[in-house]
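Notes for the structure review
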Amino acid sequence: MKELEFAGDANMHKWILSSCHLLKDPDEWASTLGFFKNKKEAAKNFYLHQTKSIHEGLTKKLNKEQNKKAVLLFKNILGFTGDKSVPYPHMCGTEILLVGISHPDLRDEIYAQILKQLLNNKVDVSRLRLQKLLIMALQ
């Protein structure tokens with residue numbers, strides 16, 4: 001997934017992510033939501049920034065344990081960026097990077113989640129923290 005390049009607008013980013021074969025189909029991903037959740041809305045926003053947790057990972061071929069870690073990773077991204085209030089946001093960023101080091105099989109998931117949170121993100125502080133996290137994750 002590192003081969004993806006940033007383009008000028010959110011629609012181009014969305015197109016780039018949607019063409020990535022490592023990501024789940026948005027409709028299939030949304031279909032695993034609970035009974036009372038808006039599956040159409042979830043599928044529509046699969047590639048875009050959100051301030052609530054995800055219910056499962058974004059990438060294909062995750063086993064049950066990896067899916068649990070993917071959900072925790074996303075919560076840490078929300079905490080690190082300030083999209084969710086946590087007492088020590090930098091610890092969330094550290095945890096994300098440590099998971100990437102200790103679990104190479106989750107690196108694509110981390111990258112996908114960071115890109116998802118960058119797309120259509122209107123909060124300057126959040127975007128800046130995500131850009132820093134992306135740079136650190138790619139090193």
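Quick summary incoming for the structure in this document. All figures in this text were calculated on a predicted structure; none of them were measured in a lab.

Right, let's talk about the pattern of salt bridges for a bit. Within this structure, the stated rule accounts for two salt bridges. The partner of Glu 56 in a salt bridge is Lys 24, and the shortest N-O contact between them spans 3.2 Å. Residue Glu 56 is located in the loop between helix 3 (39-44) and helix 4 (64-81), and its partner Lys 24 is located in the loop between helix 1 (10-18) and helix 2 (26-31); the two are separated by 32 residues in the primary sequence. Accessibility classification places Glu 56 together with Lys 24 in one group, the buried group.

Grouped together as the largest cluster of nonpolar side chains are 34 residues, with contacts concentrated most on Leu 23, Trp 29 and Ile 114. Elements that contribute at least two residues to this core include exactly helix 2, helix 3, helix 4, helix 5 (89-102), helix 6 (107-118) and helix 7 (124-138). Once you skip the residues sitting within four places of it in the chain, Leu 23 turns out to touch Leu 17, Phe 46, Tyr 47, Leu 58, Thr 59, Lys 60 and Ala 112.

By the definition in use, this model includes two aromatic pairs. Ring plane angle 65 degrees and centroid distance 5.0 Å describe the contact between Trp 29 and Phe 46, whose orientation is recorded as edge-to-face. With Trp 29 in helix 2 and Phe 46 in the loop between helix 3 and helix 4, this pair connects stretches of sequence that are 17 residues apart. There is no split in this pair, since Trp 29 and Phe 46 are both buried.

With respect to the element layout, Gln 50 can be found in the loop between helix 3 and helix 4. Looking at Gln 50, its side chain comes within polar contact range of the main-chain oxygen of Ser 53, at 3.5 Å. Residues in contact with Gln 50, not counting those within four places in the same chain, are Asn 45, Phe 74, Leu 78, Asp 83, Lys 116 and Gln 117.

Cut-offs and rules
Residues numbered from 1 in each chain as written. Predicted model: local features only at pLDDT ≥ 70, side-chain atom pairs only at ≥ 80, totals over all residues. Heavy atoms only, no water. Salt bridge = Lys/Arg side-chain N within 4 Å of Asp/Glu carboxyl O. Helix = DSSP H or I, 4+ residues; strand = E, 2+ residues; numbered from the N terminus. Buried < 20%, exposed > 50% of the residue type's maximum accessible area, 1.4 Å probe, protein only. Core = buried A, V, L, I, M, F, W, Y, C linked by side-chain atoms within 4.5 Å. Contact = heavy atoms within 4.5 Å. Phe/Tyr/Trp six-rings, centres within 6.5 Å; stacked < 30°, edge-to-face > 60°. Polar contact = N/O pair within 3.5 Å; in protein donor to acceptor, adjacent residues only side chain to side chain.

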